[in-house]
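Here's the letter readout for the chains.
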Amino acid sequence: MPIPRTTEGYLKVVGVLLICALIVEALSFLGHGAIAFMVFSFAAAVLVCVCVPAYLLTLVHKDHESPH
Amino acid sequence: MHFSAPLLILLIALTIALIAVFVIRPQTTATAAGKIAAFIGFFAFPLLCVGMGFSSQMDNSKSTRFCLSCHIMEPYGKSLWIDDPAHLPASHFQNHRVPPDQACYTCHTNYAMFGGLKAKLGGLRHMYVYYLGTPPKPEEIKLYEPYNNRECLHCHAGARSFEEGVVHSADPAVMADIKSNKLSCVSSGCHETVHDIAKLGEKKLWKEPVDANSSDH
C-alpha cells in the first residue's frame, strides 16, 4: 500500500483503520466473557491511541488546505 | 452504566456509515460543514462508542457469567448449586441474598474506598494469569488476603437476623470483635464452609447449574 501524501490520503487510511476497529468493537458486544472484554479493550486501545490521534494529526497536516 | 448491545451496535454502525462517506469521498471535508461532520465521525462518535462501550463492559464484568467464563472458575460456579444451607456461597446464591446475576462480584468486591477499582484490577490480573501465565488448579486458588468481615457487614450490619442472632449477641465482645474484623465470620466453628471445591464431587446439587444471568433459576 503506497504511503499517502495528501490529507485526503491520510484521512482515507485513518477512516479504514477506524472502521476496522469499530467493527471489532461491535463484535465484542456479541460475547459476554473475558475474551469479549479483551477484544473490546484491544479495539478501544487502537481507536483511542492510534486512530483518533492520527485523525487529529491530519488536521494539522500541512497539506490540509489542498484545493478541491 | 449498562448500555444494551443493540444500542451500542447501532451507534457504531452510524459512526461507520459517517466515516465511510469520508473514505469514499474525502473531498467532502473541503467545506466547513464537511469538516464539522468529519470531526464528529472521526473524533466525537468514536470516543462516544469507546466511552459507552467501556461503561457497558465494566458493568458486564460484574456478572456471574463473566466470572465463570474462565474454565478454571467452573467448580466455583458449580459450588453455588450445592444443596446444603451450611455452604455459605450456595445459601446466599440460592436464596437471592446476593443478586444471582452478580453473585461473585457482590461478595468478592471490596467495600472500602476505591474497592470496586481494586476488584477490577484484580480481575485484570486474573485474566493475565489465565491467558498468558500459568493458572493454578481450581482447588489451589486462594484469596489475596483473608476475607474481610467488612464485605459481609456491608449487607448484614443492622439486619435484625444478624444483630439479634443468638451467637452474635450472646456476648457483646463477640459482636465487637466481628465488627472490628478481629473475629472472622468464616472462622472455624462459624460460617466456615465456603467454596469447598475439593469435596465438590461428593456434594448433592440443588439442581443442575444453569446460566446465573438467565432468569430461570
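Model, not experiment: these values are computed from the prediction.

Chemist: Lay out the overall build of chain B with the relevant residues and their values.
Modeler: Counting its regular elements, chain B contains eleven helices and zero strands. Over its C-alpha atoms chain B spans a radius of gyration of 24 Å, topping by over 25% the 17 Å that the globule rule assigns to 217 residues. When burial is assessed residue by residue, chain B has 24% of its 217 residues classed as buried. Put simply, of all contacts in chain B between residues at least 6 apart along the chain, 64% involve residues at least 24 apart.

Chemist: Requested: an account of the interface of chain B and chain A, with residues and values cited.
Modeler: Counting from both sides, the interface comprises 31 residues of chain B and, opposite them, 25 residues of chain A. Considering only residue class, the side of chain B that touches chain A consists of 21 nonpolar, nine polar and one charged.

Chemist: If you had to explain the packing of helix α1 (residues 7-28) of chain A against helix α2 (residues 32-60) of chain B to someone new, which residues and values would you point to?
Modeler: Where α1 of chain A meets α2 of chain B, the closest approach of the two axes is 12 Å, and the angle between their N-to-C directions is 20°. Classified by the interaxial angle, the pair formed by α1 of chain A and α2 of chain B is roughly parallel. Crossing handedness for the pair α1 of chain A and α2 of chain B: left-handed. For the pair α1 of chain A and α2 of chain B, contact is made by Val14, Leu18, Leu22 and Glu25 of chain A and by Phe42, Pro46, Cys49 and Gly53 of chain B, respectively. Grouping the amino acids of the contact of α1 of chain A with α2 of chain B by side-chain chemistry returns six nonpolar, one polar and one charged.

Chemist: Describe the environment of Ala38 of chain B, naming the residues involved and giving the relevant values.
Modeler: Residues and elements named next belong to chain B. Assignment of secondary structure puts Ala38 in helix α2. According to the C-beta neighbour criterion, Ala38 is buried, with 22 such atoms within 10 Å. Discounting residues that sit within four places of it in the chain, Ala38 has contacts with Phe22 and Thr29.

Chemist: So what's going on with the domain arrangement of chain B? Residues and values would help.
Modeler: Taken domain by domain, chain B holds domain 1 (5-60) and domain 2 (67-147 + 186-202). On a C-alpha basis, the centroid separation for the pair domain 1 of chain B and domain 2 of chain B is 39 Å.

Chemist: Describe the nonpolar core, with residues and values.
Modeler: Membership of the largest hydrophobic core comes to 38 residues, with the highest contact counts inside it found for Val14, Leu18, Leu22, Leu47 and Cys51 of chain A. Listed by contribution, the elements that provide at least two residues to this core are α1 and α2 (34-60) of chain A together with α1 (5-24), α2, α3 (64-67), α5 (88-94) and α6 (103-108) of chain B. Counting residues per element, this core draws most heavily on α2 of chain A, at nine residues. Structurally, this core is a two-domain feature, drawing no fewer than three residues from each of domain 1 (5-60) and domain 2 (67-147 + 186-202) of chain B. Discounting chain neighbours no more than four positions away, the residues touching Val14 of chain A are Cys51, Ala54, Tyr55 and Thr58 of chain A together with Phe42 of chain B.

Chemist: Explain unusual backbone geometry to me, using residue names and the numbers behind them.
Modeler: Residue and element names in this part refer to chain B. With a phi close to 60°, Phe114 is a non-glycine residue in the positive phi region. By C-beta crowding, Phe114 is classed as exposed, having 9 other C-beta atoms within 10 Å. The residue Asn181 is not glycine, and still its phi comes out positive at about 65°. By the element assignment, Asn181 lies in the segment after α11 (172-179).

Conventions used here
Residues numbered from 1 in each chain as written. Chains lettered and ligands numbered in written order. Predicted model: local features only at pLDDT ≥ 70, side-chain atom pairs only at ≥ 80, totals over all residues. Helix = DSSP H or I, 4+ residues; strand = E, 2+ residues; numbered from the N terminus. Rg over C-alpha atoms; globule rule 2.2 N^0.38 Å. Buried ≥ 20, exposed ≤ 12 C-beta atoms within 10 Å, placed from the backbone. Contact = placed C-beta atoms within 7 Å. Nonpolar A, V, L, I, M, F, W, Y, C, P; charged D, E, K, R; others polar. Axes fitted to C-alpha atoms, helices over the stretch in contact; angles between N-to-C directions. Parallel < 35°, antiparallel > 145°, perpendicular 65-115°, else oblique. Left-handed = near helix turned anticlockwise from the far one by under 90°. Domains from an automatic or database assignment. Core = buried A, V, L, I, M, F, W, Y, C linked by C-beta atoms within 7 Å.

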